[in-house]
There are 2 protein chains.
Amino acid sequence: MSTPHIDVEQVELANTAYYDAIERGDFETLTSLWLTPSDVGVDEQYHDPADTGVISCVHPGWPVLTGRGEVLRSYALIMANTDYIQFFLTDVHVSVTGDTALVTCTENILSGGPAPEGAGEPGPLVGQLVVATNVFRRTSDGWKLWSHHASPVLAETDGDEGDDTPA
Amino acid sequence: MSTPHIDVEQVELANTAYYDAIERGDFETLTSLWLTPSDVGVDEQYHDPADTGVISCVHPGWPVLTGRGEVLRSYALIMANTDYIQFFLTDVHVSVTGDTALVTCTENILSGGPAPEGAGEPGPLVGQLVVATNVFRRTSDGWKLWSHHASPVLAETDGDEGDDTPA
């Protein structure tokens, strides 16, 4: 059993590693950060009625994606259509209970698509205010992502000090 | 240790109980369905660096709410401003790992606000397509909600029944 401080620190690092992998377009690292059923002791040949360790993902405005195939394909698609993406994380909150950690954070996103055909310059940069709930599971290989749910912030009461007043 | 089938069934019942409580505007039952730190053995007087059992909630288009105070106030506000709400749940998927359960579902919502002032009739009904990730924790008093994240589905390729291929 590790101490609470170390748990929180390690979960924060796993959370940052997730966003870093997307920023770098590093699909291999991203893949390694997601939980597999075998990470939690399930034989993948076995039909498991509890779907132990089965991952899910919701991108902003998207329906739910379930299982490694759907989830990882979505990131390949996003990476192929993103020339530049940067996440400025704020309001990171971690709650660790047993072997599960819940992270909520605000993703202040700056991104740009590929250059339009024939144009020499990349597409315009777009800012987005998104909030995420990321669920991590403790494994012998570190904390792995079990679920990511991100959604656009459509309205806020007022525009306090943050630069993130949505439209 | 309970069997996987029974776990899944009980988690589904807890998930349904959550939506039923909102439909009925039953704030007391709703409150009882959310996890408290003491449910997971944390003395609430103790400053816990891991924020064990601290709940969080994201309503569609909202920023993150953290802790019982913020979360429960938001439901009181929603209930006060909703005369009628009904959830038709589809695509319910449960993944149980140890003492944590992850539920994803599509909330097909039909809702109506209170009557405009002076009008005898309730406000018009509005349909909404929302997806949710609900995280439950096993306690001695049953499965309790640790996190709810709901977000609007903003784009779908076509309107086939519940098959959710994103744009």
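Structure report, in brief. Just so we're clear, the structure is a prediction, and the values are computed from it rather than from any experiment. (Residues numbered from 1 in each chain as written. Chains lettered and ligands numbered in written order. Predicted model: local features only at pLDDT ≥ 70, side-chain atom pairs only at ≥ 80, totals over all residues. Heavy atoms only, no water.)

**A few points about the interface of chain A and chain B**
Many authors give the size of an interface as the accessible area that is lost as the parts come together.
Then, in step 1: At the interface, 44 residues of chain A touch 45 residues of chain B.
Then, in step 2: Contact between chain A and chain B buries roughly 3,500 Å² in total, counting both sides, with carbon and sulfur atoms accounting for 65%.
Then, in step 3: One can count zero salt bridges joining chain A with chain B.
Then, in step 4: The tally of links from chain A across to chain B stands at 22 residue pairs in polar contact (both at pLDDT 80 or more).
Then, in step 5: Looking at the side of chain A that touches chain B, the elements with two or more residues in it are α1 (4-24), β1 (56-58), β2 (65-66), β3 (84-97), β4 (100-112), β5 (125-139) and β6 (142-152) of chain A.
Then, in step 6: Per-element tally for the side of chain A that touches chain B: the top contributor is β6(A), with six residues.
Then, in step 7: Tallied by class, residues from the side of chain A that touches chain B come to 25 nonpolar, 16 polar and three charged. (Contact = heavy atoms within 4.5 Å. Buried area = accessible area lost by both parts, 1.4 Å probe. Salt bridge = Lys/Arg side-chain N within 4 Å of Asp/Glu carboxyl O. Polar contact = N/O pair within 3.5 Å; in protein donor to acceptor, adjacent residues only side chain to side chain. Helix = DSSP H or I, 4+ residues; strand = E, 2+ residues; numbered from the N terminus. Nonpolar A, V, L, I, M, F, W, Y, C, P; charged D, E, K, R; others polar.)

**Brief notes about helix α3 (residues 67-80) of chain A**
All names here are of chain A.
Then, in step 1: For α3, spanning 14 residues, the distance from its first C-alpha to its last is 20 Å, which sits close to the expected 20 Å at 1.5 Å a residue.
Then, in step 2: Within the sequence span of α3, burial applies to Gly 67, Val 71, Leu 72, Ser 74, Tyr 75 and Met 79. Down the axis of α3, the smallest arc covering the buried residues is 150 degrees, so these residues share one side. Of the exposed residues in α3, those oriented more than 90 degrees away from the buried face are Arg 73 and Ala 80. (Expected span 1.5 Å × (residues − 1). Buried < 20%, exposed > 50% of the residue type's maximum accessible area, 1.4 Å probe, protein only. Arc of directions from axis to C-beta.)

**Section: the sheet that holds strand β5 (residues 125-139) of chain B**
Residue and element names in this part refer to chain B.
Then, in step 1: Spatial ordering of the open sheet is given by β2-β1-β6-β5-β4-β3, a layout of six strands whose pairing is mixed. The open sheet is flanked by β2 (65-66) and β3 (84-97), the only strands paired with a single partner.
Then, in step 2: As paired strands, strand β1 (residues 56-58) and β2 are joined by two bridges and run antiparallel to one another. Opposite Cys 57, over in β2, you have Leu 65 as the bridge partner.
Then, in step 3: The strands that helix α1 (residues 4-24) touches are β3, β4 (100-112), β5 and β6 (142-152); relative to β3, the one it contacts most, it runs at about 160 degrees. (Pairing = 2+ DSSP bridges. Axes fitted to C-alpha atoms, helices over the stretch in contact; angles between N-to-C directions.)

Treat this as a map of the structure, not an account of what it does.
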